[in-house]
Amino acid sequence: MVEAFRNAPITEALIDIRTQLPETVSLSSLEKLHSLIQHEYPQKRTRVMWEGAFQLKGEEEPIKTARHQVDGYLFTSTDGMHVAQFRLDGFSFSHLGHYSKWEDVYREAKKLWEIYRAGTKPVLVQRLATRYINSIAIPSKKFDYDDYFTAAPKIPQGLPQLLSHFFTRLVIPFPDHGATAIVVQTPAEKPDPVNTTVILDIDAFAEVSLASNDAKIDEILAILRNVKNEIFFNSITDRTKELFR
């Protein structure tokens, strides 16, 4: 059984469903769906996708190109805790701030997904993901990372044992689950005079090819949530768990 913490370190829990939409679906089609959730999600913003390129040609000046285009909308709840993305390539739901439990997050995501699905009639679901961003505040400036993390950064012996910054990114296949996870550990950018805050970002995803009403979507998202939990609990020590109780 997964332990539920009173002070879970989750700052964002995200569920993402990538889709292939019919060619007839446009930005205006997505915008019209806002009326169905406007009472709970009154704030609307455009979502902009950026693309950049960098080209070298011998000794010539490098050619830099960039373009951006609107690819959907972000609808935010009155309290700012929930954000729904209705995009031309899929749907996302983010729960921000205090985290209660998976069932609450998934219930709201499912409700919004059904609105998106009914309004866009996806041809195919191509990718499913759950992403959890954890902000772990350690109440000290001087400590041993090994006391809090099972895969802490290491400084080679013979060098000053002082660490001002690190960034680790692991890509871990889970073949038994048909999933992959990207795990990032790095200090928070915002300075804190008392605590040392480490970000543990876990993105578990599966490439799929499913109809938008396939029951396997629910099953796979539940599996991805379990993969996320497996990574989280195997990444921290008992001392870290005490910070959340």
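The structure under discussion appears in the preceding block.
Here we summarise the structure given alongside this text. (Residues numbered from 1 in each chain as written. Predicted model: local features only at pLDDT ≥ 70, side-chain atom pairs only at ≥ 80, totals over all residues. Heavy atoms only, no water.)

The next subject is the overall build of the protein chain. Along the protein chain, the regular secondary structure elements total 4 helices and 9 strands. In sequence order, the secondary structure elements of the protein chain are arranged as β-α-β-β-β-β-α-β-β-β-β-α-α. Expressed as a percentage of the 245 residues in the protein chain, the buried residues total 41%. Across the protein chain, contacts joining residues at least 24 apart in sequence account for 67% of those joining residues at least 6 apart. (Helix = DSSP H or I, 4+ residues; strand = E, 2+ residues; numbered from the N terminus. Buried < 20%, exposed > 50% of the residue type's maximum accessible area, 1.4 Å probe, protein only. Contact = heavy atoms within 4.5 Å.)

So, on to the layout of surface pockets. Estimated volume of the largest pocket: approximately 560 Å³. Forming the boundary of the largest pocket are 25 residues, of which Lys141, Phe143, Tyr145, Leu163 and Ser164 lie nearest the centre. Within this model, the second largest pocket holds a volume of roughly 310 Å³. Contributing to the lining of the second largest pocket are 19 residues, with Val2, Glu3, Ala4, Phe5 and Tyr99 lying nearest its centre. For the lining of the second largest pocket, the secondary-structure elements that each account for two or more residues are helix 2 (102-120), strand 6 (124-138) and helix 3 (216-235). The element best represented in the lining of the second largest pocket is helix 3, accounting for 5 residues. (1 Å grid on protein atoms, 1.4 Å probe; cavity = no way out; pocket = protein on both sides within 12 Å on 5 of 7 lines; lining within 4 Å. Points joined across faces, edges and corners; volume = space filled by probe spheres on them.)

The subject of this paragraph is the packing of aromatic side chains. Under the definition given, this model contains 16 aromatic pairs. Taking 5.4 Å as the distance between ring centres and 90° as the angle between the ring planes, the aromatic pair formed by Phe75 and Phe86 counts as edge-to-face. Placement of Phe75 in strand 3 (residues 63-76) and of Phe86 in strand 4 (residues 82-87) is noted, with a sequence separation of 11 residues between them. We classify Phe86 as buried; its relative accessible area is 0%. Taking 5.4 Å as the distance between ring centres and 65° as the angle between the ring planes, the aromatic pair formed by Phe86 and Tyr116 counts as edge-to-face. Taken as a pair, Phe86 in strand 4 and Tyr116 in helix 2 lie far apart in primary sequence, 30 residues in all. With a relative accessible area of 0%, Tyr116 lands in the buried category. Here the aromatic cluster, defined as three or more aromatic residues joined through ring pairs, consists of Tyr73, Phe75, Phe86, Phe91, Trp113 and Tyr116. (Phe/Tyr/Trp six-rings, centres within 6.5 Å; stacked < 30°, edge-to-face > 60°.)

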